[in-house]
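Architecture and fold: a report
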Amino acid sequence: MTITYRRHPDLRLAALEGEGVVLHLGSRKYFTVSETGVTLLELLAEPRGLDQLVAGLVERYEVDPARAERSVRAFLDRCRAAGLLLETGS
Amino acid sequence: MTPSALRLSCGDPAVAAAVRAWLDALTLEPPAPVTLEISVGRPAADPPRAPTFAQPHLSLWTDARGARLTWDGAPAEAVLPGVEPVARVTLSAQAVDRLDDCCRIFLLGVVILLLRRVGWHHVHAATAVDPNGRGWLFAGNALAGKSTTAAWCATRGWAVGTDDTAFLASAADNVDVVAARGPLALRDGGNALLSRADGTPLPSRGKTGYRPEDLGGRWVPRVRPEIVAFASVGAAGGGTAIGSIGARETLAALVRWSAWVLFEPSLADEHLGLLARLAAQARSLRLTLGPDLFAPGDRLMELVP
């Protein structure tokens, strides 16, 4: 099964010097995010699979794919816990 | 005289006169008219769901249909449909009996929600312009020392806009901050630090009010911040100090001090965008306030030349 991820529609993102702040209008919470997190949340404006997110980081930061995948998985876990993510399985 | 862009309709002449005077004293001229429609009667019951946001004295419900604000001091409600710049306010007789507090606490909240609808977004902060012409915004919680710092600025000849209620306004490529005029309201501790006892008593607040002009400064309605200072009172025995703060932390802190209105869904993007632009425009610093601030001289200009 392929899982795709998309950021929650109630989420608002403001980026500043690469880093950013995310508002969740539904839960009325806000979070700070790193430069990598901003990149991933921008990618997650559209539905993306894990591979696409990893490829996005590799292309942007020239990191090795294994390290990028660890970062993406950790970020998705944090987003999932904060309710910032929608997941669709197909 | 130009008609105020803060429009008021109210069938009760006494309430209308008092609210009109209060609105005029705020000295706000928003970029487009906003309207308060006030009636005296029985406010509707609260919705069955929890408020979107509750802060001391005020509860706010927001959704795609607009906003509803209530006051805990006496029955009073304001309904703002969608993003129209109109607030339909119902004040109970008890609220009318406390009209000064009702204006200062509840109707100010209504005005804050109204001004969002014409592009001015609230930030809980003090504003000033230093002797070098640099705009400052002092943010922090209710006990962070904003009012005392604003009053101190006036004693050093700075121009001061507000100690508490300000609005972010887009100005071409910049963000300006507009002040709602009101007394710089000091607690007894602030009076003592400034060695003042000659302000106007504000008994319902347990404070003393000063105009910037009373303290040697002047009033400034609009500031373009070059410096955003997050103020806090330091530990006993410590001195006034500054520290750096990163862009992400700056934006998060600005969000924190705007949170009660920021989450209104239809206007969140615009408000968040202005906060991000302000954070990018200004140098940000942590300001720890110590008693040496009140020694002769201008300690802030020494620390941030």
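Residues numbered from 1 in each chain as written. Chains lettered and ligands numbered in written order. Predicted model: local features only at pLDDT ≥ 70, side-chain atom pairs only at ≥ 80, totals over all residues.

1. Here's the deal with the overall build of chain A
When you go through chain A residue by residue, the secondary structure sums to three helices and six strands. Listing the helices and strands of chain A from first to last along the sequence gives β-β-β-β-α-β-α-α-β. Relative to a compact globule of 90 residues, whose C-alpha radius of gyration would be 12 Å, chain A shows 12 Å and is just as compact. Counting over 90 residues, chain A shows a buried share of 33%. (Helix = DSSP H or I, 4+ residues; strand = E, 2+ residues; numbered from the N terminus. Rg over C-alpha atoms; globule rule 2.2 N^0.38 Å. Buried ≥ 20, exposed ≤ 12 C-beta atoms within 10 Å, placed from the backbone.)

2. A look at the pairing of strand β9 (residues 135-139) of chain B
All names here are of chain B. For β9, the tally of buried residues reaches five of five residues, placing the bulk of the element in the interior. Covered by surrounding structure in β9 are Gly 135, Leu 137 and Ala 139 together with Trp 136 and Phe 138, the residues of both alternating faces. Across five bridges, strand β8 (residues 121-129) lies against β9 in antiparallel orientation. Of the residues in β9, the one forming a bridge with Val 129 is Gly 135. (Pairing = 2+ DSSP bridges.)

3. Considering the nonpolar core
Core analysis: the largest hydrophobic core is formed by 110 residues, its most contacted members being Val 110, Ala 139, Leu 168, Leu 251, Leu 254 and Leu 275 of chain B. Ranked by residues supplied to this core, first place goes to helix α3 (residues 99-116) of chain B with nine residues. Per-domain counts for this core show at least three residues from each of domain 1 (6-116) and domain 2 (121-303) of chain B. Other than its neighbours up to four places away in sequence, Leu 275 of chain B contacts Ala 14 of chain A together with Leu 168, Leu 251, Leu 254, Val 255 and Ser 258 of chain B. (Core = buried A, V, L, I, M, F, W, Y, C linked by C-beta atoms within 7 Å. Domains from an automatic or database assignment. Contact = placed C-beta atoms within 7 Å.)

4. Some remarks on the environment of His 24 of chain A
Residue and element names in this part refer to chain A. Mapped onto the secondary structure, His 24 falls in strand β3 (residues 19-24). For the pair formed by His 24 and Arg 7, sequence separation is 17 residues and the distance between their alpha carbons is 10 Å. For His 24, the contacting residues outside a window of four places in its chain are His 8, Asp 10, Leu 11, Lys 29, Gly 83 and Leu 84.

5. Some details on the pairing of strand β10 (residues 159-162) of chain B
If a strand is regular, its side chains alternate between the two faces of the sheet. All names here are of chain B. Judged from the three bridges that link them, β8 and β10 form a sheet pairing that is antiparallel. Bridging across to β10, Thr 127 finds its partner in Thr 162. Here β10 pairs with strand β16 (residues 218-219) via two bridges, running parallel. Bridging from a neighbouring strand, Ala 159 pairs with Arg 218 of β16.

6. Here we look at the environment of Thr 32 of chain A
Note on placement: Thr 32 of chain A falls in strand β4 (residues 29-33). Residue Thr 32 of chain A is classed as partly exposed on the basis of its C-beta count, with 15 C-beta atoms lying within 10 Å. Linking Thr 32 of chain A and Arg 6 of chain A, residues 26 residues apart in sequence, is a C-alpha distance of 18 Å. If we skip the residues at most four places from it in the chain, Thr 32 of chain A touches Val 21 of chain A together with Arg 248 and Ala 252 of chain B.

7. So, the interface of chain A and chain B
On the chain B side, the residues contacting the 12 residues of chain A number 18 residues. When residues of the side of chain A that touches chain B are traced back to their parent elements, those giving at least two are β2 (11-16), β3 and β4 of chain A. Looking at the side of chain A that touches chain B, the element that brings in the most residues is β3 of chain A, giving four residues.

8. Observations regarding the domain arrangement of chain B
Residues and elements named next belong to chain B. Under the domain assignment used here, chain B contains domain 1 (6-116) and domain 2 (121-303). Computed from C-alpha atoms alone, the centre-to-centre distance between domain 1 and domain 2 is 25 Å. With 19 residues of domain 1 at the contact, the number on the domain 2 side is 17 residues. Those elements giving two or more residues to the side of domain 1 that touches domain 2 turn out to be α1 (13-26), β3 (53-55), β4 (58-63) and α3. With seven residues, the single largest contributor to the side of domain 1 that touches domain 2 is α3. Partitioned by chemical class, the residues of the side of domain 1 that touches domain 2 number 12 nonpolar, four polar and three charged. (Nonpolar A, V, L, I, M, F, W, Y, C, P; charged D, E, K, R; others polar.)

9. Brief notes about the packing of helix α2 (residues 50-61) of chain A against helix α3 (residues 65-82) of chain A
Packed helix pairs are characterised by how far apart their axes lie and by the angle those axes make with each other. Residues and elements named next belong to chain A. Closest axis-to-axis distance for the α2/α3 pair is 9 Å, and the angle between their directions is 120 degrees. When the axes of α2 and α3 are compared, the pair comes out oblique. Considering only the axes of α2 and α3, their crossing is right-handed. Contacts from Leu 50, Leu 53, Val 54, Leu 57 and Val 58 in α2 reach Pro 65, Ala 68, Glu 69, Ser 71 and Val 72 in α3. (Axes fitted to C-alpha atoms, helices over the stretch in contact; angles between N-to-C directions. Parallel < 35°, antiparallel > 145°, perpendicular 65-115°, else oblique. Left-handed = near helix turned anticlockwise from the far one by under 90°.)

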